Amino acid sequence: MTGRLTASNRCPSARYFANAYVDHFTLDFSKVGEDGSGKAALIPSRGKRAHGVVFEIDASEREPLDKAEPGYRREDGFEAMVADTGACKTVTTYIVLEDCRNLNLKPFDWYLALVVAGALEHRFPAPVIAAYRDTATWVDEDKKRTFEMNALLQKAGFGSTRQVLGLSGPTAR
């Protein structure tokens, strides 16, 4: 979700450039988060396609962003395809360090809702959004953090975590 990226403690200069994709990669949630949950990881995967968004940021914000992304290595010179034009664009991305992955992790429901909200905001293809929504999640027992993330989603006009994920009933998957 763009609002989380452009927060004053992240990259306030970030400006949308384009939707993009990379072939032979997929997005999973195997990166070990500091809170013990799964965070997004761009993983090589033959025959798959990962969708994302390219932002332009001030060079002065690179180092703080690096610090905000522990467990990843910044990869400059990464090639992505601009979705609207098919043009190749050299970008910077973050690749999870292999020793920071755990295939048994799941994202917290609110974290997945932030990912889905970003995909909705940037009009990713419907099958991509559906696949994200089908991701199994954990419910975060930290009620304060859950409340704050739900407030962020609602402030951006997406409703609650449950609404973004299209859930009904009492618990997440």
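Below, the structure is looked at part by part. (Residues numbered from 1 in each chain as written. Predicted model: local features only at pLDDT ≥ 70, side-chain atom pairs only at ≥ 80, totals over all residues. Heavy atoms only, no water.)

**Some words on the sheet that holds strand β2 (residues 38-56)**
Hydrogen bonds along the backbone pair up the strands of a sheet, which may run parallel or antiparallel.
Next up, step 1: Strands sit in the order β2-β1-β3-β4 across an open sheet of four strands; the sheet is antiparallel. Every interior strand has two partners, whereas the edge strands, β2 and β4 (88-96), have only one. The mean inter-strand angle of the sheet, taken between neighbouring strand axes irrespective of direction, is 45°.
Next up, step 2: Across two bridges, the pairing between strand β1 (residues 15-32) and strand β3 (residues 72-82) is antiparallel. (Pairing = 2+ DSSP bridges. Helix = DSSP H or I, 4+ residues; strand = E, 2+ residues; numbered from the N terminus. Axes fitted to C-alpha atoms, helices over the stretch in contact; angles between N-to-C directions.)

**Regarding the pattern of salt bridges**
When the charged atoms of two side chains with opposite charge come close together, those side chains can pair.
Next up, step 1: Within this structure, the stated rule accounts for 13 salt bridges.
Next up, step 2: Between E98 and R101 there is a salt bridge, with the nearest N and O atoms lying 3.6 Å from each other.
Next up, step 3: Residue D140 is joined to R145 by a salt bridge in which the shortest nitrogen-to-oxygen separation is 2.6 Å.
Next up, step 4: Accessibility expressed as a relative area gives 3% for D140, which makes it buried.
Next up, step 5: A relative accessible area of 23% places R145 in the partly exposed class.
Next up, step 6: The network of salt bridges with common partners includes R62, D66, R74 and D76. (Salt bridge = Lys/Arg side-chain N within 4 Å of Asp/Glu carboxyl O. Buried < 20%, exposed > 50% of the residue type's maximum accessible area, 1.4 Å probe, protein only.)

**A few points about unusual backbone geometry**
Glycine aside, negative phi is the norm for most residues, and most peptide bonds take the trans geometry.
Next up, step 1: With phi around 65°, H24 is a residue other than glycine that occupies positive phi space.
Next up, step 2: Located in the positive-phi region is R123, a residue other than glycine, with phi close to 55°.
Next up, step 3: Secondary-structure assignment places R123 in the loop between α3 (109-121) and α4 (126-133).

**Considerations on the side chain of S160**
Next up, step 1: For S160, the position within the fold is in the loop between α5 (143-155) and α6 (161-165).
Next up, step 2: Residues within four places of S160 in sequence aside, it is in contact with N150, L153 and Q154. (Contact = heavy atoms within 4.5 Å.)

**Some remarks on the packing of α3 against α5**
Next up, step 1: It is the contact of α3 with α5, at a shortest axis distance of 10 Å, that shows an interaxial angle of 15°. As summarised for this structure, α3 and α5 are arranged roughly parallel, according to the angle between their axes. In the packing of α3 onto α5, the handedness of the crossing is left-handed. Judged by residue contacts, W110, A113, L114 and A117 of α3 engage R145, T146, M149, L152 and L153 from α5.
Next up, step 2: Classifying every residue of the contact of α3 with α5 by side-chain character gives seven nonpolar, one polar and one charged. (Parallel < 35°, antiparallel > 145°, perpendicular 65-115°, else oblique. Left-handed = near helix turned anticlockwise from the far one by under 90°. Nonpolar A, V, L, I, M, F, W, Y, C, P; charged D, E, K, R; others polar.)

**What to know about the packing of α3 against α4**
Next up, step 1: With their axes 10 Å apart at the nearest point, α3 and α4 run at an angle of 175° to one another. By the angle class used here, α3 and α4 are roughly antiparallel. Contacts from L112, V115, V116, A119 and L120 in α3 reach I129, Y132 and R133 in α4.
Next up, step 2: Across the contact of α3 with α4, the residue classes tally to seven nonpolar, no polar and one charged.

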